[in-house]
Amino acid sequence: MRKKNIWLTLMASIVFIFLIIPLFIVVVTAFGESPSIQFPIKGFSLQWFGEVFKTKSFMRGMKTSLFISIWATVASIIIGVPAAYALARGTVKRRALLKNVFLSPTFVPGIVIGFALFQFLTIKLQMKIITSLFLGHFLISLPYIIRVVGSSLEHFDFSIEEAAWTLGCTKTKSFVKVVLPNISSGIFASFMLAFINSFNNIPVSMFLSGPGVQTLPIALMNHIEYNYDPTVSAMSVMLMLCTILLMWVIEKTLGLATIA
Amino acid sequence: MKLKRNTMLLLLPGTVLLILFLFLPLLSILFPTFFNEAFTIGKYVEFFKDSYNLGILWRTFKISMIVTIICVILGVPTAYFMSLTSKRTRSLLLAVTLFPLLTNSVIRSFAWITILGKNGVLNSFLLSLNIIKEPVGLLYSEFAIIIGTVYLFLPILITTVLGVLDNIDGDLIEAAQTLGANYFKSFTKVILPLCIPGILVGSMLVFTGTLTAYTTPQMLGGNKNMMLATMLYQEASALGNWTNAGVIALIMIVVTLLVMQIFNIIANQFDKRGEDENA
């Protein structure tokens, strides 16, 4: 029998309270009547949620963020899954080096990636900011695909694929019919992780903002700098609801432990 | 032979994209830091001679160290507690841990502005209890950065250590307790040594994460408490000094890789020790 100790319980409780209280306060402040952020709130009002929809930078930011994160993640799946497969088959020379190349965006700080893309692609090559922003988010999504799909390929028995070859399947066909179905939950998990991470990212997008191009987190950050009001809290509540929804989907399909 | 060529083809698009859109841009920002008509490391010498820069470098290190230590002290017992709870409680606690981690870091920093600000929750609470007479300036300080960053990274440490704890054989603990080890002893003598690799990986993630953090120092630190990432942004964006920003960029990359390497070496030492004991 593993026993729990009173001090351990106490300490863990404090940690969980510490993790929850700040976000709880943000949620409460979204429902106040006063135009400044108060806690505890006076009165009850839903007007700040209406304000969110009237705040143009939030609406545009939401569109940009969804567009960038979805397409960057899709692109990283298209490029990353075949690469993870090739790395796992083990027939490649210098596998460790190549794997590190694919994981390299994790070794470079986000703000540096953003700065480098801004200076080289947008200033030197005159590419549109939105293109650089997309590429930046593609770069940070790729390692998630390589890691998560890579680890689900480690559990895959490649002799099944070889059996398909022997039975006359082409390489492509057996990949689609045999390998892909077996790693589909890994692909889904990596998609969710990469999407959430890209949607929440700030450092990479910091330099890659311009007229009409601004991700939601950046818009939120700029808004807080000049207007510290409950609209931010209301926007936060809506984003937290999306997070809960995503967590629920992950829990129902894969189990939350798979992304921990 | 054909198989080899085919698998190489699968890696080609990604490799090309990484070279074009990561390595080339990186080279293009780093090149000017070494070349000013001829090869020179003058820019770096200049950087390290300036006491203002050294102050920021030191603050970044100091805060990363403090944050990592606090995360380990708070996170390891919490992960251990979670590993002892029933399956139901555990998945609830895991959700509580993951929720802040998946919430945008702007929102998480915003929460701490609400708590620590002059008219914030903490000040009004302390004022109402008459513990303080005037609001205390807690925001825009190293303290605010530390608490905000601990809040940012504590879930990562908890989940990493929890992952390792789950792989520990429950019989080992039972054996220790049967052999007379009390609760505390079985934790320090059996569990703690076994989860050191997990603690090291978690610490590495927290340490490098804090070293390169942008959002929290920007929102909670203010201009007086700059860290490497906020300094890079300021140099490039507000001052337009791209060469200096490049210098900071390389320093950040090198420091990140060094820290990862150091943690890897320590982790390998522990692995080896484990093998020796088994032999």
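In short, a report on the structure.

1. Some words on the overall build of chain B
Here is step 1: Scanning chain B from N- to C-terminus turns up 13 helices and two strands.
Here is step 2: Along the first, second and third principal axes, the C-alpha atoms of chain B reach 75 × 75 × 35 Å.
Here is step 3: Looking at chain B as a whole, 52% of its 279 residues qualify as buried.
Here is step 4: Counting 18 positive and 14 negative side-chain charges, chain B places the centres of these two groups 6 Å from one another.

2. Things to note about the packing of aromatic side chains
All names here are of chain A.
Here is step 1: Tallying each qualifying case throughout the model produces 22 aromatic pairs over all chains.
Here is step 2: With a centroid separation of 5.2 Å and an interplanar angle of 90°, the aromatic rings of Phe 156 and Phe 158 are classed as edge-to-face. Just as Phe 156 is buried, Phe 158 falls in that class too.
Here is step 3: The ring centre of Trp 165 lies 4.8 Å from the NZ or CZ of Lys 171, which sits over that ring.

3. Overview of the nonpolar core
Here is step 1: Judged by nonpolar contacts, the single largest core of 176 residues is most densely connected at Ile 111 and Val 112 of chain A together with Leu 232 of chain B.
Here is step 2: Counting residues per element, this core draws most heavily on helix α7 (residues 142-165) of chain B, which supplies 15 residues.

4. So, the interface of chain A and chain B
Here is step 1: On the chain B side, the residues contacting the 81 residues of chain A number 83 residues.
Here is step 2: Counting each side, the surface lost to burial between chain A and chain B is near 7,600 Å², with a carbon and sulfur contribution of 82%.
Here is step 3: Across the chain A-chain B interface, the total number found is four residue pairs in polar contact (both at pLDDT 80 or more).
Here is step 4: Sorting elements by how many residues they give to the side of chain A that touches chain B places helix α1 (residues 6-29) of chain A first, with 14 residues.
Here is step 5: Taken together, the residues of the side of chain A that touches chain B break down into 65 nonpolar, 11 polar and five charged.

5. Focus: the pattern of salt bridges
Here is step 1: For the coordinates displayed, the defined rule picks out six salt bridges over all chains.
Here is step 2: Between Arg 89 of chain A and Glu 162 of chain A there is a salt bridge, with its nearest N and O atoms 3.2 Å apart. Within this pair, whereas Arg 89 of chain A is found in helix α3 (residues 56-89), its partner Glu 162 of chain A is found in helix α7 (residues 158-166), the two being separated by 73 residues in sequence.
Here is step 3: Arg 89 of chain A gets classed as buried once you look at its relative accessible area, which sits at 14%.
Here is step 4: Of the charged contacts in the structure, one is a salt bridge between Asp 166 of chain B and Arg 90 of chain B, with a shortest N-O distance of 2.9 Å. Here Arg 90 of chain B lies in helix α4 (residues 87-102) and Asp 166 of chain B lies in the loop between α7 and α8 (170-178), a separation of 76 residues in the sequence.
Here is step 5: A residue is classified by how much of its surface remains accessible, and Asp 166 of chain B, at 41% relative accessible area, is partly exposed.
Here is step 6: Here Arg 90 of chain B falls in the buried class, since its relative accessible area comes to 18%.
Here is step 7: Salt bridges here are not isolated pairs; linked through shared partners, they connect Arg 89, Glu 161 and Glu 162 of chain A.

6. Details of the state of the cysteines
Here is step 1: On inspection of all chains with the given rule, the structure shows zero disulfides over all chains.
Here is step 2: This cysteine, Cys 71 of chain B, is not joined by any disulfide, and Cys 195 of chain B carries the nearest cysteine sulfur, 15 Å off.

7. Overview of helix α9 (residues 184-200) of chain A
Here is step 1: For α9 of chain A, which comprises 17 residues, the first-to-last C-alpha distance of 24 Å matches the rise-based estimate of 24 Å (1.5 Å per residue) to within 8%.
Here is step 2: Three or more residues of α9 of chain A are buried, namely Gly 186, Ile 187, Ala 189, Ser 190, Met 192, Leu 193, Ala 194, Phe 195, Ile 196, Ser 198, Phe 199 and Asn 200 of chain A.
Here is step 3: Packing partners of the buried residues in α9 of chain A comprise α3, α6 (129-154), α8 (171-182), α11 (216-226) and α12 (230-253) of chain A together with α4 of chain B.

Reading the values: the criteria
Residues numbered from 1 in each chain as written. Chains lettered and ligands numbered in written order. Predicted model: local features only at pLDDT ≥ 70, side-chain atom pairs only at ≥ 80, totals over all residues. Heavy atoms only, no water. Helix = DSSP H or I, 4+ residues; strand = E, 2+ residues; numbered from the N terminus. Buried < 20%, exposed > 50% of the residue type's maximum accessible area, 1.4 Å probe, protein only. Lys, Arg positive; Asp, Glu negative; His and termini not counted. Charge placed at Lys NZ, Arg CZ, Asp CG, Glu CD. Phe/Tyr/Trp six-rings, centres within 6.5 Å; stacked < 30°, edge-to-face > 60°. Lys NZ or Arg CZ within 6 Å of the ring centre and 35° of its normal. Core = buried A, V, L, I, M, F, W, Y, C linked by side-chain atoms within 4.5 Å. Contact = heavy atoms within 4.5 Å. Buried area = accessible area lost by both parts, 1.4 Å probe. Polar contact = N/O pair within 3.5 Å; in protein donor to acceptor, adjacent residues only side chain to side chain. Nonpolar A, V, L, I, M, F, W, Y, C, P; charged D, E, K, R; others polar. Salt bridge = Lys/Arg side-chain N within 4 Å of Asp/Glu carboxyl O. Disulfide = S-S within 2.5 Å. Expected span 1.5 Å × (residues − 1).

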